[in-house]
Amino acid sequence: MPKELLDASNELVDTALAEISAKYDSGDDRRAYHNSTHTEQVVVDSSSLAHTYGLNPHDHALLRIAAAFHDIIHNGDSNPANESDSADYVAQCMIRYPCFSPEDIQIVRRAVLSTTCSQKYPKIIQTPLQNEPVSLLVCDADLASFGKPFEDFYPSAMRFFTELHPLDDETSEQYRKFIQTEITLLTNHEYWSKEARKLFPHIAENVTSLKAL
């Protein structure tokens with residue numbers, strides 16, 4: 001991979017993380033989940049999946065960009081334009097770098113769009129392009145926490161609960177409903193790639209642990 005493209009991709013990832021931190025790391029409970037912590041983890045998990053998949057360096061660089069920008073515009077979980085706005089934004093950023101071809105930009109744009117949830121219950125459904133590993137792997141990375149060990153999964157889930165219900169606590173009825181929803185979502189979840197199933201194998205264990213709460 002040309003050094004110019006590697007440097008540009010690293011600069012874009014760093015820029016995205018800094019912008020997300022400035023916008024969403026306010027400490028506001030309504031940003032407890034969709035902030036730089038989540039984005040940084042998606043970037044890390046995307047790279048882990050890329051290595052396991054054997055993704056070529058060029059597409060790996062595009063994957064990291066898609067992961068870094070997938071939530072860069074996020075105005076609440078119910079806003080249907082989050083992903084399309086983020087996809088348009090990353091395209092505008094990438095076009096400033098002549099090392100990215102029009103197809104590179106479209107691959108990243110399609111990958112960000114693929115993280116859109118077309119269904120959220122009883123199963124989260126995203127729509128990755130099966131013939132584009134950048135799209136496929138960023139979707140699995142976005143929900144990688146489902147299959148991580150419980151000590152990683154539960155804090156992530158609780159950050160999402162706090163974002164949804166900033167005034168509630170773990171003794172509330174909303175919390176009990178949230179746990180039941182998480183059990184349903186995990187029970188029905190399937191990763192798109194065999195690499196994600198290998199790297200994040202703890203879904204069934206997490207269901208058992210949630211039921212024991």
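Residues numbered from 1 in each chain as written. Predicted model: local features only at pLDDT ≥ 70, side-chain atom pairs only at ≥ 80, totals over all residues. Heavy atoms only, no water.

## Let's talk about unusual backbone geometry
Among all residues except glycine, the phi angle is most often negative; among peptide bonds, the trans geometry is most common.
Then, number 1: In this chain, Y121 is followed by P122 through a cis amide linkage whose omega measures 5 degrees.
Then, number 2: Looking at where P122 falls in the secondary structure, it is placed in the loop between α5 (102–114) and α6 (133–142). (Helix = DSSP H or I, 4+ residues; strand = E, 2+ residues; numbered from the N terminus.)

## Focus: the layout of surface pockets
Then, number 1: Quantified by volume, the second largest pocket comes out at close to 200 Å³.
Then, number 2: Lining the second largest pocket are 15 residues, and of these Q41, S145, K148, S156 and R159 sit closest to its centre.
Then, number 3: Looking at the lining of the second largest pocket, the elements that each hand over two or more residues are α2 (36–53), α6 and α7 (150–164).
Then, number 4: It is α2 that contributes the most residues to the lining of the second largest pocket, 5 residues altogether.
Then, number 5: Split by residue class, the lining of the second largest pocket holds 5 nonpolar, 5 polar and 5 charged. (1 Å grid on protein atoms, 1.4 Å probe; cavity = no way out; pocket = protein on both sides within 12 Å on 5 of 7 lines; lining within 4 Å. Points joined across faces, edges and corners; volume = space filled by probe spheres on them. Nonpolar A, V, L, I, M, F, W, Y, C, P; charged D, E, K, R; others polar.)

## Some thoughts on the pattern of salt bridges
Then, number 1: Scanning all chains against the criterion turns up 8 salt bridges.
Then, number 2: As a salt-bridge pair, R30 and D28 come within 2.9 Å of each other at their nearest N and O atoms.
Then, number 3: Among the residues examined, R30 registers a relative accessible area of 57% and is labelled exposed.
Then, number 4: As a salt-bridge pair, D45 and K148 come within 2.8 Å of each other at their nearest N and O atoms. Here the residue D45 occupies a position in helix α2, and K148 occupies one in the loop between α6 and α7, the gap between them amounting to 103 residues. K148 matches D45 in its accessibility class, with the two residues each being buried.
Then, number 5: Each of the salt bridges in this network shares a partner with another, and the network as a whole consists of E103, R110 and E132. (Salt bridge = Lys/Arg side-chain N within 4 Å of Asp/Glu carboxyl O. Buried < 20%, exposed > 50% of the residue type's maximum accessible area, 1.4 Å probe, protein only.)

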